[in-house]
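Structural overview for review
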Amino acid sequence: MIFLTENFEHYYTQSPSSELKTRDVQLKLGNGHTYGFKSPSGVFGYGKTDRASKLLIEKCRLHGKTLLDLGCGFGMIGITLKKEFPHLKLFMSDINERAVEFAKINSKNNNIEATVKQGNIFEPWDGYQFDNILCNPPIAAGKKVWMDIIDKSRFFLEKEGVIQIVAFHNKGGSRILDYMRNTFSTVKTFEKSGGIRIYAGFGD
């Protein structure tokens, strides 16, 4: 695997080489609910709650019973939504082994049940289908990664399932939207805020 920058290598890799450090972070939602997480170095979002992930959490539109947090990092998106919507059956995965470890730790610390697996994109989910797939993709990894996510998601969506991808529209998001329009028969933009958008592709 070719890494584009030192910082990029830190999180989009199976085994981060950086020294493990942890920081406690808090996510406060607009409804006043606050959730805490352990954030490890070498994983996306170390020591912070990024704006794009928070927007996806607060503005995604969910239906059905199953949710896959794809590229979950330390688990902030999936765990928060499971706390907000306890009926959901939560699945999370990431290529990064350290991310998977801390997604499990944060699931336990937040008293939620989740199936968490390590693997690249949809590799861990052969035979699964989901009502909802949420993803804050690693744009810096190059277009092949997010194109694979979009292409392969069709086979992991239930009928009428939805994949929702969050991105900065002027930093790669517009290309994601164009590609989704060439992949799905129905594509919508669910939210626009501060340059960030949530793009939704619907399963047939």
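Residues numbered from 1 in each chain as written. Predicted model: local features only at pLDDT ≥ 70, side-chain atom pairs only at ≥ 80, totals over all residues. Heavy atoms only, no water.

Time to look at the overall build of the chain. Scanning the chain from N- to C-terminus turns up six helices and nine strands. Scaling as 2.2 N^0.38, a compact globule of 204 residues should have a C-alpha radius of gyration of about 17 Å, and the chain matches this with 16 Å. Along the first, second and third principal axes, the C-alpha atoms of the chain reach 45 × 40 × 35 Å. Put simply, the chain has 204 residues, and 50% of those count as buried. Entry remark: accessible area of the chain is about 10000 Å², with carbon and sulfur atoms responsible for 46%. The average position of the 28 basic charges and that of the 22 acidic charges among the side chains of the chain differ by 5 Å. (Helix = DSSP H or I, 4+ residues; strand = E, 2+ residues; numbered from the N terminus. Rg over C-alpha atoms; globule rule 2.2 N^0.38 Å. Buried < 20%, exposed > 50% of the residue type's maximum accessible area, 1.4 Å probe, protein only. Areas by Shrake-Rupley, 256 points an atom, 1.4 Å probe, with all protein chains shown as cover. Lys, Arg positive; Asp, Glu negative; His and termini not counted. Charge placed at Lys NZ, Arg CZ, Asp CG, Glu CD.)

With that settled, consider the nonpolar core. Phe37, Leu56, Ile57, Phe74, Leu81, Met92 and Leu134 are the most contacted members of the largest nonpolar core, which totals 34 residues. In this structure, Leu68, Leu177, Phe184 and Tyr199 belong to the second largest nonpolar core, which totals 23 residues. (Core = buried A, V, L, I, M, F, W, Y, C linked by side-chain atoms within 4.5 Å.)

With mixed pairing, seven strands are arranged side by side in an open sheet as β5-β4-β3-β6-β7-β9-β8. Only two strands of the sheet have a single partner each, and these edge strands are β5 (114–118) and β8 (187–193). Taking each pair of neighbouring strands and ignoring which way they run, the sheet shows an average axis angle of 15°. When strand β3 (residues 66–70) meets strand β4 (residues 89–94), the two strands line up parallel, connected through five bridges. The partner of Leu67 across the bridge, within β4, is Leu90. Packing of helix α2 (residues 51–59) onto the sheet brings it into contact with β6 (130–135), β7 (157–168), β8 and β9 (196–202), and relative to β9 it is tilted by some 50°. Strands β7, β8 and β9 of the sheet are contacted by helix α6 (residues 169–181), whose axis makes an angle of about 155° with β7. (Pairing = 2+ DSSP bridges. Axes fitted to C-alpha atoms, helices over the stretch in contact; angles between N-to-C directions. Contact = heavy atoms within 4.5 Å.)

We now examine the side chain of Thr66. Along the chain, Thr66 falls in strand β3. Residue classification places Thr66 among the buried residues on the basis of a relative accessible area of 15%. From its side chain, Thr66 meets the backbone nitrogen of Asp131 in a polar contact 2.8 Å long. The contacts of Thr66, once residues within four sequence positions are left out, are Leu88, Lys89, Phe91, Gln129, Phe130, Asp131 and Asn132. (Polar contact = N/O pair within 3.5 Å; in protein donor to acceptor, adjacent residues only side chain to side chain.)

So, on to unusual backbone geometry. A positive phi angle is found at Asn111, which is not glycine, with a value near 55°. Examined against the element boundaries, Asn111 turns out to sit in the loop between α4 (97–109) and β5. One non-glycine residue, Ile121, adopts positive backbone phi at about 50°. Tracing the backbone shows Ile121 in the loop between β5 and β6.

Quick look at the environment of Gly172 now. Along the chain, Gly172 falls in helix α6. Residues Gly172 and Gly142, 30 residues apart in the sequence, show an inter-C-alpha distance of 9.7 Å.

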